[in-house]
Every structure is written in C-alpha cells, then in structure tokens.
Amino acid sequence: MFITIAVMTLGAAVAIADQSKLPTDLIPMMTVDDLDYATLSDEDVTRELAGLPSRFAIPTTVSISPATHGLWESIDRNQMRWTYRVSCTNALSMNLGFGRYIMPPSGSMTIMNASGTFKIRPFTAQDNQDHGQLWTPVIRSTEVVIEIIVDRSDKRLVSRNVELTSINAGYRWLGGGEDRGASESCNVDVLCPTGDDWWDEIPSVAVYTLNGYLTCSGVMINNTAEDQTPYFLTANHCGVNSNSDSSIVVYWNHQNSFCRTGSASGNNGNGSFSQFTSSSIMRATRSYTDFTLIELSSSPNPAWGITFSGWSRSSTTFGVGAGIHHPEAAEKRISIPDYSTASGEFWSVNWDIGRTAPGSSGSPLYDSNHRIVGQLCCGASYCWNDSNDYYGRSIGLSWSGGTSSSLSSWLDPLGTNPTAIDSLNPASAPYGACCVGTDGACVDLHETNCIAGGGTYLGDGTLCSDGGCIPDPCVGDVNGSGNVGVFSIAI
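Residues numbered from 1 in each chain as written. Predicted model: local features only at pLDDT ≥ 70, side-chain atom pairs only at ≥ 80, totals over all residues. Heavy atoms only, no water.

A. The arrangement of the overall build of the protein chain in detail. Tallying secondary structure elements over the protein chain gives six helices and 31 strands in all. Residues classed as buried in the protein chain amount to 54% of the 491 residues present. At a minimum sequence separation of 6, the contacts of the protein chain that also span at least 24 residues come to 73%. Carbon and sulfur atoms form 52% of the exposed surface of the protein chain, whose accessible area is close to 19700 Å². (Helix = DSSP H or I, 4+ residues; strand = E, 2+ residues; numbered from the N terminus. Buried < 20%, exposed > 50% of the residue type's maximum accessible area, 1.4 Å probe, protein only. Contact = heavy atoms within 4.5 Å. Areas by Shrake-Rupley, 256 points an atom, 1.4 Å probe, with all protein chains shown as cover.)

Okay, structure coming up:
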C-alpha cells in the first residue's frame, strides 16, 4: 500500500491573527491508493456468487490522531482548531472510522468535503459510546476534511482520545457517479402509487453501512411493550456481529422525492444521506433463518417520522404482501409478490411487481396484514428473469430459545407470547391503557396489540397513570364504606 503524506506537524499549534481558516491546500493530507475498478468489479461478482454481503468501498487501515498528524491553530484565547485531510483521487465517496473517539464536552468534530459545501452534522460528546468508536456517514467526494474545535484546556484530551483508524474509499452505489442512486428499471419507488397503503411501514426500512465498506438493508421492528426501543432486524449473512456492531451507520428516509416510471426508475435518484444513526449493540443472531437483531445505540430523531414495523409468527403470508428494500443501496423501493410460500426455514417469493438486488439483503418481507414475516437472505431475481428470492422465516422459526439466538426475549418484553402485533407509527397511532393480568400491571398500547397479548383495553387516550388497572383493594366493599361489613354482605 502506498500512502502519501503532505505536511505533517506533531501536535504543534500555529497561531493566527483572526478566526479565518487556512486555505484548504495548506492543510496536511493523507492520500490512499487509487481504486482498481476492473479488479473490484470482478471481485464483486465472485462475492455475490459466494453469498457474501455487498461491498461498496475499500478500507485502508491507518493510525492518525491530533497528537501525531494534522495542524493545530489558535482561534482565540480560549479555543483551538485541529484540521486534517484524507483523500482517494478516483473514489466516488469517502467515509471514516475512528477506533478511538472520546470527545470532551467543549469539543466538536465536523467532517466536510474539500470545498466545505457539504458537512455532516457536528459530532460532540453526545456521540461518545461505551465502546469508544465512531463511524461516519458517506460523503460524495474524493476528499474530506476533518475539523475539531475544542477549548484550549482540552487540547491534550482530544490528542489522546481521538484516533482515525480506517479510511474507506467508495467505488459504487453510496457515492457520486452515474450509479449513485440507480437500480434496475423494473424496481418501484416507494413514492409511487404501489406504496400508498404502506406508509406505516415504509419509514421503518433503511439502508446501512458496516465497517465502512459493506452495505445491506434492514428494518426497525416493534415489540410488545411498544416502547419504541430501537430494535433493528437484518440478515445474519450481512456480517453484523459483536465485533462490528459499533461500526453500523443507518440511513433513514433515503428515497426519491417523486415516483420515477419506466426506464427513468433505473436512473439516479435524489435521496439524501443526511438522516443517520450511528452504532448499535448486538442482541441476537442465528444462521438458521439468517437473522440478526441489533439495538441501535440511539433512537432516530422523532422529526424524521421513523416507524416500527409489526410482525407475525404465522406459517402463512395470508396472500400478497410486499418487500421494501434498498436495491444496490439505492433509494428505497417496494416490490409486490406474485406468491409467497413456506419452504423449510425460508419463504420462497416470486415477484409480480419489482425485484430485489444486492444491497436488498436483510430487508423485510411483509404479509398481507402489513406484518414482517422474515428478512431477505438470498435469491437470483433480476428484472430480466422470473427467479425466486428467499427470506428467512425468523419471526416464526427463531422465536424461542436462548437470548442470543432468538427473538422472543427482545420482541416480547411483556411475556404475553402473541402470534402477531401491528406496526407502530408514533406520530399517528392512538394509544390506550392495557391491563395485563390481575395484579394491576399496565402498559400503554394499541388496542389490537393489547388484545393480541391477552390484555384488557381501556380505550383510546386512556393512560396507565390514571390508575384504571389498579385492582380494588377491597373488592367486597360494595357500599363504599371502606370495609366489608354487614351492609355489604346484605347487599
């Protein structure tokens, strides 16, 4: 590997007279190897045939910190600025992995393109995680600038606790170029009429990156408590595990802003990567039925309107449902089956409208009641053929077992063991108090999910805090005297 380094200072501070930034070309830079597109294309064909997760970038391992690289400047008496550049001259996109990231309260880090016209929102102390890592979203550029601003008193903390360890150069899909948002033209944008009845589920589906160079799809999934715990379901073969879960970056609402029809559906889209959530914790995974369940380290911004899809453990899909996914990591699409049948540990699905593609792996299959019944494992469907796809029957067949290899421990915290629950749309769904058991247990739920769990629903808008589920401490006191006396008995 050949790496060039232009201008390097060992943590030295350069005083400047005002708050203006130095010209970009004066900022120290590391350039990683150019990408060999022909070789990468051949390798991707081999990876697809082997059933490996889709790759969109090539990682380069580095060790770069404000203590050893880059440029420190004085902004004023109280603040310092550290800057550094990384590039790959023929990349379509760039993203970064920080193997060490502990930002003090006074600090913030901004990642931007070379011109400064696009910036990822600042990373602060609120992005500190127990695992001590930070992975960034993609930037559509051959070069990115890292900028940290911190109080002068915290400069040493930043120098010790921030280290860039992976530079990831993108060569397809998530980035610039002609295939930035493209997929096969038979795929249907979720903004098309086909998606009209699925808007309680569409916002729950997302595309994500892993380790800075792999990509798959997944879905936010509801649980019986309906407490908006950010559980995210994807496929086991996508590679999320206890070593890589911290590197996940999930992109929400990455979809075209209008319905493309005909051949235009295969062209570039205008979806944004600006809404993202970084990091997760592994909860359960199993190669049987090919599922992985993670819990995101933070919940998506409520303003983004993310929903939580319901699920069913049934052995039938009750007719035609849908698949919602990101083919080739492009803008979100919806596909409609011709039929779905159980076949061992998988659902065998033949498509009527749309198909899937590499990058769709891990995306949900829904039954006709809009409930997840599995996630995409594999298959050979493309627009030019009528081949089947296969979805792991995880909800039904991997429900029970150990906490690390089954779903019930996470998706059924109430222990009500329902066979199905509906999707949760926090922005629109009516709630009510649901009495569970006879000891006063109560949870605010949808009516359908309350009844599915064997509870008693007290009505829309009621709240557990109102005490409607608290049992009468003196059930024989029919005349309200506070005790069971002769008059209560007589009555």
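B. Molecular detail of the pattern of salt bridges. Summed over all chains, the structure comprises 13 salt bridges. A salt bridge links R55 to D44; the nearest nitrogen and oxygen atoms lie 3.2 Å apart. Here R55, found in strand β4 (residues 54-55), pairs with D44, found in helix α1 (residues 37-49); they are eleven residues apart in sequence, far enough to count as distant. For R55, a relative accessible area of 8% gives the class buried. According to the relative accessible area criterion, D44 is buried, its value standing at 8%. (Salt bridge = Lys/Arg side-chain N within 4 Å of Asp/Glu carboxyl O.)

C. Focus on the state of the cysteines. Using the criterion set out here, one finds six disulfides in the structure. Here C434 engages in a disulfide with C450; their sulfurs sit 2.1 Å apart. Across the S-S bond linking C434 and C450, the dihedral sits near 85°, which makes this disulfide right-handed. Here C434, found in strand β29 (residues 432-436), pairs with C450, found in helix α5 (residues 447-452); they are 16 residues apart in sequence, far enough to count as distant. When sorted by exposure, C434 lands in the same class as C450, which is buried. Sequence-ordered numbering of the disulfide-bonded cysteines in the protein chain gives the connectivity 1-6, 2-5, 3-4, 7-10, 8-12, 9-11. (Disulfide = S-S within 2.5 Å.)

D. Quick peek at unusual backbone geometry. One non-glycine residue, Q228, lies in positive phi territory at about 60°. With respect to the helices and strands, the residue Q228 is situated in the loop between β15 (214-220) and β16 (231-235). Overall, Q228 belongs to the partly exposed group, its relative accessible area being 36%. Unusually for a residue other than glycine, H370 sits at a positive phi of about 65°. Its place among the elements puts H370 in the loop between β25 (364-366) and β26 (371-379).

E. Looking closely at the nonpolar core. Judged by nonpolar contacts, the single largest core of 46 residues is most densely connected at L96, F98, M109, I111, L164 and I167. For this core, the secondary-structure elements that each account for two or more residues are β5 (57-64), β7 (79-87), β8 (93-101), β9 (108-113), β10 (134-135), β11 (143-151), β12 (162-170) and β17 (249-251). When neighbours within four sequence positions are excluded, I111 is seen to be in contact with L96, F98, F118, K119, I120, F123, T136, I139, V144, V145 and I146. Of all hydrophobic cores here, the second largest spans 26 residues; its members include W198, I202, V219 and Y366. (Core = buried A, V, L, I, M, F, W, Y, C linked by side-chain atoms within 4.5 Å.)

F. Quick peek at the pairing of β7. Counting buried positions over the nine residues of β7 gives eight, a clear majority of the element. Examined bridge by bridge, strand β3 (residues 29-31) and β7 share three bridges and lie parallel to one another. Within the sheet, the bridge partner assigned to M30 lies in β7 and is V86. Relative to β7, strand β6 (residues 71-74) runs antiparallel, the two being bridged by four bridges. Looking across to β7, one finds that S74 is bridged to M80. Counting the residues in the hairpin turn of β6 and β7 gives four residues. Across nine bridges, β7 lies against β11 in antiparallel orientation. Looking at β11, one finds that T83 is bridged to E147. (Pairing = 2+ DSSP bridges.)

G. Structural view of the side chain of E331. Mapping E331 onto the fold places it in the loop between β22 (322-325) and β23 (333-343). A polar side-chain atom of E331 sits 3.3 Å from the main-chain amide nitrogen of N270. (Polar contact = N/O pair within 3.5 Å; in protein donor to acceptor, adjacent residues only side chain to side chain.)

H. Local environment of the pairing of β8. Of all nine residues making up β8, seven are buried, and the element is well covered by its neighbours. Where β8 meets β12, eight bridges bridge the pair, whose relative direction is antiparallel. Paired with L96 across the two strands is I167, which belongs to β12. Looking at chain direction, β8 and β10 are connected through two bridges and run antiparallel. Opposite F98, over in β10, you have L134 as the bridge partner.

I. Molecular detail of the sheet that holds β5. Pairing within the open sheet is antiparallel, and its four strands lie in the order β5-β12-β8-β10. Edge positions in the open sheet fall to β5 and β10, since each of these has one partner strand only. Across six bridges, the pairing between β5 and β12 is antiparallel. Paired with I58 across the two strands is A169, which belongs to β12.

J. Geometry of the side chain of N388. Locating N388 in the fold gives a position in the loop between β26 and β27 (389-392). Side chain to side chain, N388 and Y339 meet in a polar contact 3.5 Å long. At 2.9 Å, the side chain of N388 and the side chain of S348 are in polar contact. Sequence-distant contacts of N388, defined by excluding residues within four places in its chain, comprise Y339, S348, V349, N350, G379, A380 and S381.

K. Examining the environment of P66 more closely. When you line up the elements, P66 lands in the loop between β5 and β6. Separated by 92 residues in the primary sequence, P66 and V158 have C-alpha atoms spaced 7.1 Å apart.

L. Up close: the packing of aromatic side chains. This model, assessed by the stated rule, comprises eleven aromatic pairs. With centroids separated by 6.5 Å and ring planes inclined at 85°, the aromatic side chains of Y37 and Y171 adopt a geometry described as edge-to-face. Of the two residues, Y37 sits in helix α1 while Y171 sits in the loop between β12 and β13 (188-189), which places them 134 residues apart along the sequence. On the accessibility criterion, Y37 (32% relative accessible area) is partly exposed. The interplanar angle of 80° and the centroid separation of 5.9 Å between the aromatic rings of Y208 and F232 together place this pair among those described as edge-to-face. Remark: F232 occurs in strand β16 and Y208 occurs in strand β14 (residues 205-210); sequence separation between them is 24 residues. According to the relative accessible area criterion, Y208 is buried, its value standing at 1%. With relative accessibility at 0%, the residue F232 sits in the buried group. An aromatic cluster is defined as three or more aromatic residues linked by ring pairs; in this entry it consists of Y208, F232 and W252. Its end group placed over the ring of W173, R172 keeps NZ or CZ at 3.8 Å from the ring centre. Positioned above the aromatic ring of W347, the side-chain terminus of R393 is 5.0 Å from the ring centre. (Phe/Tyr/Trp six-rings, centres within 6.5 Å; stacked < 30°, edge-to-face > 60°. Lys NZ or Arg CZ within 6 Å of the ring centre and 35° of its normal.)

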